[in-house]
Amino acid sequence: MRGAHRPAKGGTPMRLYRTDLAVEAAAEFKQRLPHGVSMQEQTRGSARIIRIVIDTDDAARRLGRPRGRYITIETPPVCESNGADDATHVCAAELKSLLPKSGPVLVVGLGNDRITPDALGPRAARQILATRHIPRELAARTGLGALRPVAVIAPGVLGQTGIETGEIVHSVARDLSPAAVIVIDALASRSLDRLGRTIQLADSGISPGSGVFNARRELNAATLGAPVVSIGIPTVVDGETLARDILHDADDRAAAPGADAMMVTPRDIDAVIDRGAKTLSFSINAALQPQLSLEDIVYLTS
């Protein structure tokens, strides 16, 4: 679970409004985006797609996130069946656009499966179709010769394993030499309305644990030697951010003492995680194995 801070109007990061969503960081600039930031919007079915590109260091500093492409998909709540098909197909298409066309892929489910709001990554990883171990001859005989090699891990968290997530992922990536790495993680938003309703994809990498001020070794192209695409759904709002947003007050006295140590999650978080994990796993499987139908994917992963 990650997090970032709201940039000030002059470009200097402020301590307020922690969010992982590039679309929320860009919204702070209203109708005038900084130089080096571009935004496009599109509607497809019930999904609204917002594509943001940050292509200068100054723009990255002002928005408080690395250079790269950020794709936000706004949908009906992912815990509802209505609109789920739209979200899956749109997410698969957008993910495919960020990945190399061929080569093995490593999928990493980040998070702590024992803490529901942080369990999105591990639970989605369980539903990814792993194919790297299938011999080519066997795949060809069963009509699956076009399967793309995919490996999946859910490395847990430091408190469970005693090993940094980055160390585990780096070691696996070094041995497998994937063409790309897909990282699934729960995100933080500054708005309750976005919890379970937004999917973000990015090709800028990810910093595990930063959402709870526990940032670890970054997972990106520089550290792993392969393109890294992150994908996630916001499941929490920082307590201090929520208090200030409700009060429409940026004063340091607005939030109660200790609010900055709290994370707020919706009452139906179990449904949000279950449906979100299915949506993301189906999207990833569809992007990596486009020759398979969703029915085929369900059969092969069940």
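The rules behind each value
Residues numbered from 1 in each chain as written. Predicted model: local features only at pLDDT ≥ 70, side-chain atom pairs only at ≥ 80, totals over all residues. Heavy atoms only, no water. Salt bridge = Lys/Arg side-chain N within 4 Å of Asp/Glu carboxyl O. Helix = DSSP H or I, 4+ residues; strand = E, 2+ residues; numbered from the N terminus. Buried < 20%, exposed > 50% of the residue type's maximum accessible area, 1.4 Å probe, protein only. Core = buried A, V, L, I, M, F, W, Y, C linked by side-chain atoms within 4.5 Å. Contact = heavy atoms within 4.5 Å.

Draft legend 1. Representation of the pattern of salt bridges in the model. Under the criterion given, the structure shown has 14 salt bridges. For Arg194, the salt bridge goes to Glu74, with nearest N and O atoms at 2.9 Å. With Arg194 in the loop between strand E6 (180–189) and strand E7 (198–202) and Glu74 in strand E3 (residues 68–74), this pair connects stretches of sequence that are 120 residues apart. Here Asp274 and Arg123 are joined by a salt bridge, their closest N and O atoms 3.6 Å apart. Here the residue Asp274 occupies a position in helix H10 (residues 269–288), and Arg123 occupies one in helix H4 (residues 120–125), the gap between them amounting to 151 residues. The exposure class assigned to Asp274 is partly exposed, which follows from its relative accessible area of 40%. Residues joined by salt bridges that share partners form a network here, namely Glu24, Glu41, Arg48, Glu74 and Arg194.

Draft legend 2. Structural detail: unusual backbone geometry. Positive phi is not limited to glycine here, since Ser177 has a value of about 50°. Position of Ser177 among the secondary structure elements: in the loop between helix H7 (165–176) and E6. We classify Ser177 as exposed; its relative accessible area is 52%.

Draft legend 3. Representation of the nonpolar core within the structure. Counting residues in hydrophobic clusters, the biggest one holds 33 residues, and the most contacted among them are Val107, Ile182, Leu201, Ile231 and Ile284. Looking at this core, the element that brings in the most residues is H10, giving 8 residues. If we skip the residues at most four places from it in the chain, Ile182 touches Leu95, Leu99, Val105, Leu106, Val107, Val108, Val229, Ile231, Ile284 and Leu288.

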